[in-house]
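# Structural characterization, general
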Protein chains: 2
Amino acid sequence: MKDTMKALETLRVLSVEQVHKAKSGHPGIALGAAPLIYTLYTKIMNVFPGDDRWVNRDRFVMAAGHGSALLYSILHLSGFGIMISDLKNFRQLGSITPGHPERGDTPGVDSTSGPLGQGIAIGTGMAIAEEYLRGRFNKEGLPLIDHYTYVLCGDGDLQEGVTQEAMSLAGHLRLSRLIVLYDSNDIQLDGPVKDTTGEDVAGKYRAMGWNHILVSDGENISEIEKAVIKAKASDRPTIIEIKTVIGVGSSLAGSHKSHGSPLPAEDVKKMRAALGGEHFEVSREVYDYFRRAVYERGREKYRDWEKIKTDYQKEFPEEFALFESIIKDEFTIDFEEIIPVSADDAKATREYGGAVIDAVGKIHAGLIGGSADLSSSTKIKGPDGSFGEGNRTGRNINFGVREHVMGAISNGLALHGLRPVCGTFFVFSDYMKPAIRMSALMSLPVIYVFTHDSVAVGEDGPTHQPVEQLTMLRSVPNLTTFRPADGYETKLAFRYAFENKNAPTAIVLTRQAVPNVAPGVAFSSFGKGGYVLAYEEKTIDGILMASGSEVQLALQAKRELLARGFDVRVASIPSLDLFARQEREYQNSVLPENATARVAIEMGEGAHWHKFIGPSGILINIDRFGASAPGKQLIESYGFTVNHIVEAFIRAVNKKS
Amino acid sequence: MKDTMKALETLRVLSVEQVHKAKSGHPGIALGAAPLIYTLYTKIMNVFPGDDRWVNRDRFVMAAGHGSALLYSILHLSGFGIMISDLKNFRQLGSITPGHPERGDTPGVDSTSGPLGQGIAIGTGMAIAEEYLRGRFNKEGLPLIDHYTYVLCGDGDLQEGVTQEAMSLAGHLRLSRLIVLYDSNDIQLDGPVKDTTGEDVAGKYRAMGWNHILVSDGENISEIEKAVIKAKASDRPTIIEIKTVIGVGSSLAGSHKSHGSPLPAEDVKKMRAALGGEHFEVSREVYDYFRRAVYERGREKYRDWEKIKTDYQKEFPEEFALFESIIKDEFTIDFEEIIPVSADDAKATREYGGAVIDAVGKIHAGLIGGSADLSSSTKIKGPDGSFGEGNRTGRNINFGVREHVMGAISNGLALHGLRPVCGTFFVFSDYMKPAIRMSALMSLPVIYVFTHDSVAVGEDGPTHQPVEQLTMLRSVPNLTTFRPADGYETKLAFRYAFENKNAPTAIVLTRQAVPNVAPGVAFSSFGKGGYVLAYEEKTIDGILMASGSEVQLALQAKRELLARGFDVRVASIPSLDLFARQEREYQNSVLPENATARVAIEMGEGAHWHKFIGPSGILINIDRFGASAPGKQLIESYGFTVNHIVEAFIRAVNKKS
């Protein structure tokens, strides 16, 4: 067997052996797409296993995340920190080789993947980040950032809407360094691809501003290599459609049966026999081959780059420092001073949100983002003009009406070290849920700004009025969701978000003006998710709790209740999920256990309040859809009035006794 | 002014007057797209205002739902039950003219719209329904169903991923009676369309199997009409790209400023002056014109059809009865007998789900649907082969990996009177959230089947393991979500879903086998969302509550607790949201108030349990992401063991005292 051939076959056999040992996994793609990943790692990509966080490495996203075993095999062979024992531990508890690639778990894995559609979108975000950093920092002869982004995808990926959003935008933005290898095997889980799609692939993607190259034989390494070289020279993003055979070399070749279950044991045995050696054995010559083809080739590139970096740092120390600040996300921002907020003002919190982002954008050179065609409403726009073919340093992204990919691209931007912020109407967070989940799963500091936060949206009606969305976001692990009461709290919510460097933050803002009710709020208490905004006068009779625009109502109700002889406390809970994560002791300090008459007020479904209102408590919420009417009228018709709150509190007092 | 011209201008002026009076709305599209809707209603569409539920009417979806004022104007002028007083009440509380079209609120409105992307997808569902009914029922000379589906969309719609999913599928399925009028005005909210999209529209959609026709002057009614006539004759779905000017005729013509706020008062005044009459006045001749062009033309078609119907009924009484059963959703299904479930069996609930759908499909001729490329895993497949160009009576839809449009198409199918069922992995319900919300908002009886319901999914890892999705679904108003414990409960969940004819139902099923623990469950108690599965022996010491695969654990824990001297009750709560909607009295009968030691057990985030566990209660849930490992191991490592439940219960008892 030729070295190349043996290397490729080892890659395949190691992959199916992982699946076989785990009794779980996806052998079909591991066999069919092996030449694709093999070509990328051994001939094309500049990566250096000695430093898998190298900022100028080529990026690789295994969009078809079910091909994880194949990825782990090549990472192992290439000398990334994955051992044979890890491959043997494929899909086991605590292993670094989980069922789908998980960013952070495994050296050399640039992104989590698995949910189809996310991969190309993440790659699009990475490619935008590369263009921005290259455009902003590179100097004549000193290409500090100068790499490509590769994505390996399958048929399923291309069917997902979010992929189509990504490709539409990538074509428009001429992201010529984004190269997609399309593992085109004509088979998907439910049968032949032609049962569900009949597109002219080349025609479609060319019409969308992409370059399309067909490689008709997926076993032909040199054709694949030639295609990638051609793609690199193109002035457009490229999709290389490579015809492969799923499960090739096994008895299930060409069948969807090879997709999601281990191959027959006999197949694995035969393939290993043809290669020689024991299960999970890799010959010295194959290791040597990969060492030369990936590790040493990469090390050379890495050293070239280190020299560039050193020269750059010497010649352009300030710019280099800025570059480092971006990558490390280190900027000093004084959130006390960043924008003026006055107790006399009554603005929509979205106005403060927009002002904060404008101000931070001037300081934080890694800030990038925009809105899904609603920037005039959300007020969220990136600085320095719009990113495009002619302006690579513009940090506003015109996402178009493409909410889902806005989130997914933000993930890609964050994976590349930038600080993404994105905005749309709160009700359309529904469209972004899969991407929000990916931010949380990957611990990426994406800032989601959602405006038009309740039925107070008014006339646009129920399709535009969020009801259940706060509950949705609060239930996502590792995501922090704020609904600030006013300008002061809004500033602090953004402070929290910018200081929260290893997890996403959602900030939910009003369309309508609200009074500034929390002039004295300190970050130390705000940052715990909830705090006492107004203490009882003497002896606590109960508690009113609220978030966002309902906090002012709680304060008014407190005054009215006092006049009626009830001495209540008002707790502002801008982040119910963050508050729920505090120690019980702190929670009790805000909501004393003896104060059992409790009313929570929120214009949303509000499931999470039940944890804190207790059996005598009353939740004033909205658990049906909204309606089309002027906002103020609607708010009242849904029971958000001082009177109603006062009555509810008195009911709660009576329930208690 | 010519009659035609005056009619068209009246349409425009009435529309901007609505927006002007409401001080809220979207005048830009109302002016720009008026000729499009005018052409459809007066020259093309067969609708009859005298019976707006006419089953064979042409369907119209205003995908660009912000053009609602324009739609209401033409419905008024055409004689649908919308009065001038209704137009004056545009966007007011309780009006039948809400900010975006809401199905059910307004005569002549075929679908709710507003969230971009849903419209073309819904139209795709309607077109599939039409093809199916036509294919199944029409006889030589007796075309019982024989109509077209029209969608009016804007630039934003085409940018949404779900639209791209719909168009990809519609092209593949050759839905030649789906005709999209694309209001192409080169402007969107954040600026020129070219800032965010640079596609070759004709090339793209032709490559996707569509016919593309360009009308370069959107004011040219006869060109628009010709294009639609051509589209009707095509063997493919057609997108007619019509170049219009947003806000045409106003001082903001061509500007995005005309999009979302009322026009300057002066503009409205001038436009009315040019037309003549007072605000909201319609001249007799214009009413007459519309009466002839829409009402009388429609009545003729309607009468023709009534004759066909009568003849059909006479000649094919059985088939006609079946047709009526479909439209009325009236089928007798004995859910007791529908599939065998035995107490000795231990199967995954998805197996029962698949078997029920297979069985119902044989009885219910309106059942249609399928899975998003996961039918072998979800077991959800429609009957009679796959719907396609060559098989219009196949009721399995190969949706491909297009979850979002699967939901949106289901909405279109339901709007046309069919009974859609669709399936995917539970974690991918995230991708479908906007469509699920639309089902609930429109009160459509879509059945969502989600399998692989928890971390028990195992090796595929966190990207494939739902955690927060139950909370997400439970928070959606008007949606009922079941997570049945076993085969018996699964049958009843489907019974509930099929009897629930005016709202969607989600049924969440396991991948792994579970024992059949509820042989005696009665629909009368199951249908209340929760019930006592196992009573205490003598005196109640507390309650274990659970849903789905955790119910068996609760039963085991009950036995163990009894051995340790605690006499507990087990409540199975297959639908926490349905249970929460019951009278307090029923809730107390299941969960007696004196039994305050409560443990709820669910492999999910579980926010909604807090309402029922009370202050001494303990929630055994999962509030972090899953992991990749064999399912059984994972379940134990997340604390779902009999021991852990027993310990928690004893803690709850101690907390109480």
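Computed from a prediction, not measured in an experiment: that's the story for all the values here.

## Things to note about the overall build of chain A
The number of helices and strands found in chain A is 26 helices and 19 strands. In terms of C-alpha radius of gyration, chain A reaches 28 Å, essentially the compact-globule figure of 26 Å for 657 residues. In terms of principal-axis extent, the alpha carbons of chain A reach across some 90 × 55 × 45 Å. By the burial criterion, 63% of the 657 residues in chain A qualify as buried. For chain A, long-range pairs separated by at least 24 residues make up 77% of all intrachain contacts whose partners lie at least 6 apart in sequence.

## A word on the sheet that holds strand E6 (residues 211-215) of chain A
All names here are of chain A. Taken in spatial order, the 5 strands make up an open sheet running E1-E2-E3-E7-E6, and their pairing is parallel. Of all the strands in the sheet, the pair left with one neighbour each is strand E1 (59-62) and E6. Strand-to-strand twist of the sheet, defined as the mean angle between neighbouring strand axes without regard to direction, takes the value 15°. Looking at chain direction, strand E2 (residues 149-153) and strand E3 (residues 178-184) are connected through 5 bridges and run parallel. Note that in E3 the partner of Thr-149 across the bridge is Leu-178. Where helix H3 (residues 34-44) meets the sheet, it contacts E1, E2, E3 and strand E7 (238-243), and its direction lies at approximately 170° from that of E2.

## Examining the domain arrangement of chain A
Residue and element names in this part refer to chain A. Domain boundaries in chain A define domain 1 (3-300), domain 2 (346-515) and domain 3 (526-656). For domain 1 and domain 2, the distance between their C-alpha centres works out to 32 Å. Contributing elements (two or more residues each) for the side of domain 1 that touches domain 2: helix H6 (118-137) and helix H8 (161-172). Ranked by the residues each element gives to the side of domain 1 that touches domain 2, the list is headed by H6, at 14 residues. Of the residues assigned to the side of domain 1 that touches domain 2, the class counts are 11 nonpolar, 9 polar and 7 charged.

## Points about the environment of Ile-74 of chain B
All names here are of chain B. Within the secondary structure layout, Ile-74 lies in helix H4 (residues 68-78). On the neighbour-count criterion, Ile-74 (25 C-beta atoms within 10 Å) is buried. Separated by 216 residues in the primary sequence, Ile-74 and Phe-290 place their C-alpha atoms 8.8 Å from one another. When sequence neighbours within four positions are dropped, the list of residues in contact with Ile-74 reads Leu-11, Ile-37, Tyr-38 and Tyr-41.

## Let's talk about the environment of Asn-220 of chain A
Residues and elements named next belong to chain A. Its location among the elements puts Asn-220 in the loop between E6 and helix H10 (221-233). Residue Asn-220 is classed as partly exposed on the basis of its C-beta count, with 16 C-beta atoms lying within 10 Å. Remark: the alpha-carbon pair of Asn-220 and Thr-39, spanning 181 residues in sequence, is separated by 9.8 Å.

## Examining the relation of the copies chain A and chain B
A rotation about some axis, followed by a shift along it, carries one copy of the chain onto the other. The transform that puts chain A on chain B rotates by 180° and translates by 0.0 Å along the axis, for an RMSD of 0.0 Å. Interpreted geometrically, this transformation is the action of a two-fold axis. Taking the C-alpha atom as reference, chain A places Gly-161 of chain A closest to the rotation axis, 1.8 Å from it.

## Some thoughts on the interface of chain A and chain B
Counting residues at the interface gives 86 residues for chain A and 86 residues for chain B. Of all the elements, H8 of chain A adds the most residues to the side of chain A that touches chain B, at 7 residues. In terms of residue class, the side of chain A that touches chain B is built from 27 nonpolar, 38 polar and 21 charged.

## As for the sheet that holds strand E6 (residues 211-215) of chain B
What links the strands of a sheet is backbone hydrogen bonding, and the strands pair in either a parallel or an antiparallel sense. All names here are of chain B. Strand order across the open sheet formed by 5 strands is E1-E2-E3-E7-E6, with parallel pairing between neighbours. Looking at strand neighbours, the two that pair on one side only are strand E1 (59-62) and E6, the edges of this open sheet. Each adjacent strand pair in this sheet contributes to an overall mean axis angle of 15°, direction not counted. Here 5 bridges tie E6 to strand E7 (residues 238-243), and the two strands are oriented parallel to one another. Counterpart to Leu-214 in the pairing with E7 is Glu-241.

## Some details on the confidence of the model for chain A
When pLDDT is averaged along chain A, the result is 97; 100% of the residues meet or exceed 70. Quick note on the complex model: pTM equals 0.98, ipTM equals 0.98.

## Describing the packing of helix H1 (residues 3-22) of chain B against helix H12 (residues 284-315) of chain B
For any two helices packed against each other, the geometry comes down to the angle between their axes and how far apart the axes lie. All names here are of chain B. At a minimum axis separation of 9 Å, H1 and H12 run at an interaxial angle of 95°. When the interaxial angle is binned, H1 and H12 end up roughly perpendicular. On H12, the residues that touch Asp-3, Lys-6, Ala-7 and Thr-10 of H1 are Glu-285, Val-286, Tyr-289 and Phe-290. Residue composition of the contact of H1 with H12, grouped by class: 4 nonpolar, 1 polar and 3 charged.

## Here's the deal with helix H19 (residues 487-499) of chain A
All names here are of chain A. Counted at 1.5 Å a residue, the expected span for H19 with its 13 residues is 18 Å, and the 18 Å between its end C-alpha atoms agrees. Counted residue by residue, H19 has 12 buried out of 13 residues, so it is predominantly covered. Taken together, the buried residues of H19 touch strand E8 (346-348), helix H14 (349-363), strand E11 (447-451), strand E12 (480-482), strand E13 (505-508) and helix H20 (523-526).

## Re the pairing of E6 of chain A
Of all 5 residues in E6 of chain A, 4 are buried, a share of seventy percent or more. Taking the sense of rotation as the criterion, the β-α-β connection linking E6 of chain A, H10 of chain A and E7 of chain A turns out right-handed.

## Concerning the pairing of strand E3 (residues 178-184) of chain B
Residues and elements named next belong to chain B. By the criterion of burial, E3 is predominantly enclosed, with 7 of the 7 residues buried. Covered by surrounding structure in E3 are Leu-178, Val-180, Tyr-182 and Ser-184 together with Ile-179, Leu-181 and Asp-183, the residues of both alternating faces. Summarising the sheet, E3 and E7 pair through 6 bridges and their orientation is parallel. Across the sheet, the residue bridging to Ser-184 is Lys-243, located in E7.

## Side note on unusual backbone geometry
Positive phi, close to 55°, is recorded for Lys-23 of chain A, a residue that is not glycine. Note that Lys-23 of chain A resides in the loop between helix H1 (3-22) and helix H2 (27-32). Lys-23 of chain A sits in the exposed class, given 11 other C-beta atoms within 10 Å. Phi is positive for Ser-443 of chain B, which is not a glycine, with a value near 55°. With respect to the secondary-structure elements, Ser-443 of chain B resides in the loop between helix H17 (429-441) and strand E11 (447-451).

## A short note on the environment of Phe-399 of chain A
Residue and element names in this part refer to chain A. Assignment of secondary structure puts Phe-399 in the loop between helix H15 (375-378) and helix H16 (403-415). Take Phe-399: there are 28 C-beta atoms within 10 Å of it, and that puts it in the buried class. Note: C-alpha distance between Phe-399 and Leu-169 (230 residues apart in sequence) is 7.4 Å. Residues within four places of Phe-399 in sequence aside, it is in contact with Gly-370, Ser-371, Ala-372, Asp-373 and Met-406.

About the criteria used
Within any chain, residue numbers begin from 1 and follow the written order of that chain's sequence. Each chain gets a letter, beginning with A, and each ligand a number, beginning with 1, in the order they are written. This being a predicted model, a pLDDT of at least 70 is required before a residue's local features are given, and a value of 80 or more before pairs of side-chain atoms are given or counted; all residues contribute to the totals for chains, interfaces and linings. Numbering of helices and strands starts at the N terminus; helices are DSSP runs of H or I of at least 4 residues and strands are runs of E of at least 2. What the globule rule says is 2.2 Å times the number of residues to the power 0.38, and the radius of gyration is computed from C-alpha atoms. Whether a residue is buried, exposed or partly exposed follows from its count of other C-beta atoms within 10 Å of its own C-beta, namely 20 or more, 12 or fewer, or something in between, respectively; the C-beta atoms are built from the backbone. C-beta atoms are first placed from the backbone for all residues, and any pair lying within 7 Å is then listed as a contact. Whether two strands pair comes down to DSSP finding at least two bridges between them. For every element, the axis is a line fit to its C-alpha atoms; helices are fit only across the contacting stretch, and the angle between N-to-C directions ranges from 0 to 180 degrees. Where a domain begins and ends is set by an automatic assignment or by a domain database. Under the grouping applied here, Gly and all other residues not named as nonpolar or charged are polar, the nonpolar ones being Ala, Val, Leu, Ile, Met, Phe, Trp, Tyr, Cys and Pro and the charged ones Asp, Glu, Lys and Arg. Copy-to-copy superposition: least squares on the C-alpha atoms, limited to residues that have pLDDT of at least 70 in both copies. Known as pLDDT, the predictor's confidence for each residue is given on a scale from 0 to 100. Should an angle lie under 35 degrees it is considered roughly parallel, over 145 roughly antiparallel, and from 65 to 115 roughly perpendicular; all remaining angles are considered oblique. Helix span, as expected, comes to 1.5 Å for every residue beyond the first. Classification remark: right-handed applies to a crossover when, strands pointing away from the viewer, the course from the first strand over the helix to the second runs clockwise.

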